[in-house]
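Listed here are the chains, written in short residue letters.
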Amino acid sequence: MQHDKVLILDFGSQVTQLIARRVREAAVYCEIHPNDVSDDFVRSFAPKAIILSGSHASTYEDHELRAPQAVYELGVPVLGICYGMFTMTVQLGGQVEASEHREFGYAEVRAHGHTQLLDGIQDFETPEKHGMLKVWMSHGDKVTSLPPGFKLMASTPSCPIAGMADESRRFYAVQFHPEVTHTLQGEALLRRFVRDIAGCKGDWQMGSYIDEAVARIREQVGSEEVILGLSGGVDSSVAAALIHRAIGDQLTCVFVDHGLLRLNEAQMVMDMFAGRLHARVVHVDASEQFLGKLAGVTDPERKRKIIGAEFVEVFQAEAKKLTNAKWLAQGTIYPDVVESGGTKTKKATTIKSHHNVGGLPETLGLKLLEPLRELFKDEVRALGVALGLPPDMVYRHPFPGPGLGVRILGDIRKEYADLLRRADAIFIEELRNTIDPATGKSWYGLTSQAFAVFLPVKSVGVMGDGRTYDYVVALRAVQTSDFMTADWAELPYALLKKVSSRIINEVRGINRVTYDVSSKPPATIEWE
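Residues numbered from 1 in each chain as written. Predicted model: local features only at pLDDT ≥ 70, side-chain atom pairs only at ≥ 80, totals over all residues. Heavy atoms only, no water.

Going by the annotation in an unreviewed UniProt entry, the name recorded for the protein is GMP synthase [glutamine-hydrolyzing], with Pelomonas caseinilytica given as the source organism. UniProt's Function (unreviewed entry) comment on the protein is quoted here verbatim: "Catalyzes the synthesis of GMP from XMP." Quoted verbatim from the Catalytic activity (unreviewed entry) field of UniProt, the annotation for the protein is "XMP + L-glutamine + ATP + H2O = GMP + L-glutamate + AMP + diphosphate + 2 H(+)". (UniProt positions renumbered as here; feature names shortened; annotations may be inferred.)

Written out as structure tokens, the structure reads:
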């Protein structure tokens, strides 16, 4: 690729990918690589700028978490964020110590020194005319001595050095996290760094990315055939459309009905891909196979691994029917990799495993093709639109690869899946039909992900003059810009009331509906 590039060095933070997302929102291409890459790698990457991420570690506890020396010798702008500021400090001759006053959450930072990075960027002014930023902090250490050549750039009452700069070398560092949405001017700060200070061209667009991705797929695959696991979700659908654009009938999509799909999903998938896109699609009904292997399994990690293993088995069986099939394509996207602890550093903490990330057995006999692996969800959607896919498919809410298997808590049974399917369909239908008067949009469009969860408990109810003892479902709806943090959606009471009434009256076997009001973090979006 001929784009200007930003190199992001990952020190193991769970939100490193948000830095990349913000940089790409500024239309600048970037890549995340581990902090311990070699000096030669840094030089050969030829970045226009470098960003050092945060970390869960302390500079004085883990002396291996250092940036390559070439970072400071390449002559390009460098931005350190949180731990990135700490390692920049100690590597360039300053000091870092444990702080008596840890900061986690909202803070107000005063800007100092009129540096180029913060010039004109502020949320409000104090009566003394000090520019202030509303930011998000997450640190237990502090810089106690600036490196030679640096000046103070920002401070808080409990963190006297919350930002520093050596503008002669274009080195900047901030204690807060500009990549998270809680830092209101974070997007402007990162855009200032990559576009103005580093001079990167804003030429990273999905329209131009298609040609690059198509060329890369053709170069990888050659004349060989590809088999793709099609779930009907946004990611696998866009991957299928992109690969089909590149190699046409060399692609065979395998749509596996594992018995854990949404209501009428199998028919919708076949109508879309075989009917409208004219792709080669093999429909495999493996519901009995999957449900049989999942019987009695309650641990969510075991469920995911079993489902992943069964997918591999089905793909393997179908691949044997294709004499030239050498590749297995997947719709893996970047958040999948991060939540699986799969960032290239391997230093991030695993939140939960994803069935389509890593762990593919040697016996599979297929090479892996993941054309969306470095893209975020919003980029995948933009790519889908650029490929000409229908907006109602591209902007459909995400659906996990394990399907309802991770939305049925505890033991998985067919009767539970049937109840959940109908309850979920009612919830989605009412979200689509309910318009918010303030925005003119449906509540389905205003939420990023919404679904029902089957709880493995029964509760007493009354219907008519009789006692019931039936199951409980929880409704979940969240709003997010990146799927790494999320707030629960404040749905109208009237909407929740209608959904609850319809589920209880129309789905025999459910007599109680609850609503999940947990944000991420500390909860995850899915329950399992």
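Next comes the rest of the write-up.
We now examine the overall build of the protein. What the protein contains, in helices and strands, is 16 helices and 19 strands. Over its C-alpha atoms, taken along the principal directions, the protein stretches across nearly 75 × 65 × 45 Å. Residue pairs at least 24 apart in sequence account for 75% of intrachain contacts in the protein once pairs closer than 6 positions are excluded. Counting only carbon and sulfur atoms, one obtains 50% of the accessible surface of the protein, whose full area is about 21,900 Å². Charge centroids of the protein, computed over 58 positive and 67 negative side chains, lie 3 Å from each other. (Helix = DSSP H or I, 4+ residues; strand = E, 2+ residues; numbered from the N terminus. Contact = heavy atoms within 4.5 Å. Areas by Shrake-Rupley, 256 points an atom, 1.4 Å probe, with all protein chains shown as cover. Lys, Arg positive; Asp, Glu negative; His and termini not counted. Charge placed at Lys NZ, Arg CZ, Asp CG, Glu CD.)

With that settled, consider the packing of aromatic side chains. Scanning the entire structure with this criterion turns up ten aromatic pairs. Ring geometry for Phe 41 versus Phe 45: centroids 5.9 Å apart, planes at 35 degrees, classification tilted. Placement of both Phe 41 and Phe 45 in helix α2 (residues 39-45) is noted, with a separation of four residues, approximately one turn of the helix. Accessibility expressed as a relative area gives 25% for Phe 41, which makes it partly exposed. Classification of Phe 45 as buried rests on a relative accessible area of 6%. Consider the rings of Tyr 416 and Phe 454, whose centres lie 4.5 Å apart with planes at 25 degrees: the pair is stacked. With Tyr 416 in helix α14 (residues 414-433) and Phe 454 in strand β16 (residues 449-463), the pair connects residues that are 38 residues apart, well separated along the chain. Look at Phe 454 and you get buried, because its relative accessible area is 0%. The lysine or arginine in question, Arg 407, covers the ring of Phe 451, its NZ or CZ lying 3.9 Å from the ring centre. (Phe/Tyr/Trp six-rings, centres within 6.5 Å; stacked < 30°, edge-to-face > 60°. Buried < 20%, exposed > 50% of the residue type's maximum accessible area, 1.4 Å probe, protein only. Lys NZ or Arg CZ within 6 Å of the ring centre and 35° of its normal.)

Taking the UniProt record as the reference, the feature "binding site: ATP" (unreviewed entry) is found at Ser 231, Gly 232, Gly 233, Val 234, Asp 235, Ser 236 and Ser 237. Within the secondary structure, Asp 235 sits in helix α7 (residues 234-247). Classification of Asp 235 as buried rests on a relative accessible area of 14%. Among the secondary structure elements, Ser 236 is positioned in helix α7. The buried category is assigned to Ser 236, whose relative accessible area is 6%.

The next thing to look at is the side chain of Ser 442. Along the polypeptide, Ser 442 turns up in the loop between α14 and α15 (443-446). Since its relative accessible area comes to 18%, Ser 442 is described here as buried. Not counting residues within four places of it along the chain, the set of residues in contact with Ser 442 comprises Leu 431, Arg 432, Thr 434 and Ile 435.

One turn of the α-helix equals 3.6 residues, which is why residues spaced by three or four share an orientation. Taking 1.5 Å of rise per residue, 14 residues should cover 20 Å, and α7 covers 20 Å from first to last C-alpha, within 8% of that figure. At the exit of α7 stands Gly 248, carrying a positive phi of roughly 55 degrees. (Expected span 1.5 Å × (residues − 1).)

Another aspect to go through is the pattern of salt bridges. For side chains bearing opposite charge, pairing can occur when the charged atoms are close. Using the criterion set out here, one finds 27 salt bridges in the structure. Note that Glu 528 and Lys 303 form a salt bridge whose closest N and O atoms lie 3.0 Å from each other. Residue Glu 528 is found in the segment after β19 (510-515), and its partner Lys 303 is found in helix α10 (residues 300-319); the two are separated by 225 residues along the sequence. Judged on exposure class, the residue Glu 528 and its partner Lys 303 are both buried. Among the ionic pairs, Arg 502 bridges to Glu 429, the shortest N-O distance being 3.5 Å. With a gap of 73 residues between them, Arg 502 in helix α16 (residues 493-506) and Glu 429 in helix α14 connect regions that are remote in the sequence. (Salt bridge = Lys/Arg side-chain N within 4 Å of Asp/Glu carboxyl O.)

Moving on, we come to the sheet that holds strand β13 (residues 280-285). With parallel pairing, the five strands of this open sheet are ordered in space as β13-β12-β11-β14-β15. One side of each edge strand has no neighbouring strand; the edge strands of this open sheet are β13 and β15 (367-369). Looking at each pair of strands side by side, their axes are set apart by 30 degrees on average, direction ignored. The pairing of strand β11 (residues 225-230) with strand β12 (residues 251-257) spans five bridges and is classified as parallel. Residue pairing for β12: Ile 227 is matched across the bridge by Thr 252. (Pairing = 2+ DSSP bridges. Axes fitted to C-alpha atoms, helices over the stretch in contact; angles between N-to-C directions.)

Turning to helix α12 (residues 377-386), its buried residues number three or more, namely Lys 377, Glu 379, Val 380, Arg 381, Leu 383 and Gly 384. Residues of α12 that are buried sit in contact with α1 (16-25), α6 (206-221), α7 and α13 (391-394).

What UniProt calls "active site" (unreviewed entry) maps, in this numbering, to Cys 82, His 177 and Glu 179. Their sequence span is 98 residues, while the largest C-alpha to C-alpha distance among them is just 10.9 Å; these annotated residues converge on one region. Residue classification places His 177 among the buried positions, given a relative accessible area of 4%. When near neighbours in sequence (up to four residues on either side) are disregarded, His 177 contacts Val 15, Ile 81, Cys 82, Trp 136, Ser 138 and Thr 183.

Glancing now at the pairing of strand β14 (residues 325-329). Looking along a regular strand, one sees the side chains alternate between the two faces of the sheet. In terms of residue burial, β14 counts as a mostly covered element, since four of its five residues are buried. Bridge analysis of β11 against β14 gives four bridges, and the strand direction is parallel. Among the inter-strand pairings, Leu 228 is bridged to a residue of β14, identified as Ala 329.

Right, let's get into the packing of α6 against α12. As a packed pair, α6 and α12 sit with axes 9 Å apart at the nearest point and diverge in direction by 80 degrees. One way to sum up the angle between α6 and α12 is to call them roughly perpendicular. Contact with α6, carried on its side by Met 206, Gly 207, Tyr 209 and Ile 210, involves Glu 379, Ala 382, Leu 383 and Ala 386 of α12 and no other residues of that element. Looking at side-chain class alone, the contact of α6 with α12 contains six nonpolar, one polar and one charged residues. (Parallel < 35°, antiparallel > 145°, perpendicular 65-115°, else oblique. Nonpolar A, V, L, I, M, F, W, Y, C, P; charged D, E, K, R; others polar.)

Turning our attention to the nonpolar core. If you look at the biggest cluster of nonpolar residues, it comprises 93 residues, and the most contacted ones within it are Leu 383, Leu 491 and Ile 503. Not counting residues within four places of it along the chain, the set of residues in contact with Leu 383 comprises Met 206, Tyr 209, Ile 210, Val 238, Leu 242, Leu 372 and Leu 375. (Core = buried A, V, L, I, M, F, W, Y, C linked by side-chain atoms within 4.5 Å.)

Let us look at the environment of Asp 470. Among the structural elements, Asp 470 can be located in strand β17 (residues 466-479). Residues Asp 470 and Ala 274 lie 196 residues apart in sequence; the distance between their C-alpha atoms is 40 Å.

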